[in-house]
Amino acid sequence: MDTVTSLSGSNAASSVSSGPVTGNGRPTSSEPTAALTADRLYRFFRTGEEETLALRGVSLTVAPGETVAVVGPSGCGKSTLLGCLAGLDEPDGGTVRVGGQRLSHRPEADRARLRARRIGVLLQSRNLLPHLNIRANIELARTACHGRTQRRGTTERPGAPVAVMDLLERVGLARRAEAYASELSGGELARAGLAVALANDPDIVLADEPTGELDGDTEQHVLELLRDRAGAGAALLVVTHSPRVVAIADRVIHLHDGMVTS
Ligand SMILES: Nc1ncnc2c1ncn2[C@@H]1O[C@H](COP(=O)(O)OP(=O)(O)OP(=O)(O)O)[C@@H](O)[C@H]1O
């Protein structure tokens, strides 16, 4: 099993490797249930004659309340990994589980439902619907997870539900609530995307370069928002090149050529 760099008191329940986590890929009875588990993920792409093996047996777990940064050179498979972990893409091999529930190798509608209830996703391409203003985008994300609130009860969710305007305030966009994506700057888009990702009070937050286009102060606000979510018990996995994001992580996973290297 590959080693893991621990930056600030990482959770002992979590691990990472390019091989199996446990014998059967599930937590043993003595381990608390991980928020997110990936077991031996493989992902191939074929473009004409060219084949790319973007993920080569990536295994990892993220515990509730833990922040994990994923770093590595361009093209090493970070976004592909995030897409598989979010259920937006299907791995060609291996399994993704959310709180012990299988997310991968299920119909797209099932994955979308599970994602809407449990996962906040922030992608580089952003997650805003262009025909809705920012406030409506956030409200839609909250509505999409409503079924979960009814079934599981609010007590199981990490932290109290976040009010829409409070969320916009936190990302510094309260005055832009009625604006559309096409009317926002790159930095504003990134912050609005984060507000949408957090709108369903997710157990798991998956973010691809959430602070890439932000100035120092705004990056700090975004990091505080993410840390609050982790403090409320959510598992965070953040793909990043930012030393400030790496500095707040409990653990750093290094990817190289589709494999975990340390
Ligand atoms: N849809 C696709 N079709 C073909 N190849 C793809 C596809 N998506 C990703 N790849 C390839 O898979 C590899 C991993 O890509 P990925 O986007 O995951 O890398 P990354 O580490 O996120 O890169 P970056 O830091 O530049 O965003 C790359 O070689 C990329 O060209």
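To start, this report covers the structure provided alongside it.

Parameters and conventions
Residues numbered from 1 in each chain as written. Predicted model: local features only at pLDDT ≥ 70, side-chain atom pairs only at ≥ 80, totals over all residues. Heavy atoms only, no water. Near = heavy atom within 4 Å. Polar contact = N/O pair within 3.5 Å; in protein donor to acceptor, adjacent residues only side chain to side chain. Areas by Shrake-Rupley, 256 points an atom, 1.4 Å probe, with all protein chains shown as cover. Helix = DSSP H or I, 4+ residues; strand = E, 2+ residues; numbered from the N terminus. Nonpolar A, V, L, I, M, F, W, Y, C, P; charged D, E, K, R; others polar. Contact = heavy atoms within 4.5 Å. 1 Å grid on protein atoms, 1.4 Å probe; cavity = no way out; pocket = protein on both sides within 12 Å on 5 of 7 lines; lining within 4 Å. Points joined across faces, edges and corners; volume = space filled by probe spheres on them.

The ligand sits among 14 residues. The nearest are Ser74, Gly75, Lys78, Ser79 and Thr80. Taking Cys76, its main chain carries an N or O atom lying 3.1 Å from an oxygen atom of the ligand. Contact between the ligand and Gly77: an oxygen atom at 3.1 Å from a main-chain N or O atom of the residue. A total of 640 Å² of accessible area belongs to the ligand in isolation, and the protein chains cover 61% of it. For the shell around the ligand, the secondary structure elements donating two or more residues are strand S3 (36-47), strand S4 (50-62) and helix H1 (78-86). Top contributing element to the shell around the ligand by residue count: H1, with three residues. Residues belonging to the shell around the ligand are distributed by class as follows: four nonpolar, nine polar and one charged.

Right, let's get into the environment of Glu219. Looking at the element boundaries, Glu219 is found in helix H7 (residues 216-231). A C-alpha to C-alpha distance of 9.5 Å links Glu219 and Gly187, two positions 32 residues apart in sequence. The residues touching Glu219, leaving out its near neighbours within four places in the chain, are Thr211, Leu214, Ser242, Arg244 and Val245.

The calculated volume of the largest pocket comes to roughly 420 Å³. Around the largest pocket sit 18 residues that line it, and Arg115, Val121, Asn127, Ala141 and Val196 are the ones nearest its centre. For the lining of the largest pocket, the secondary-structure elements that each account for two or more residues are helix H2 (108-118), strand S8 (119-122), helix H3 (134-144) and helix H6 (186-198). Of all the elements, H3 adds the most residues to the lining of the largest pocket, at four residues. Across the lining of the largest pocket, the residue classes tally to 13 nonpolar, four polar and one charged.

The analysis is restricted to geometry; functional conclusions fall outside its scope.
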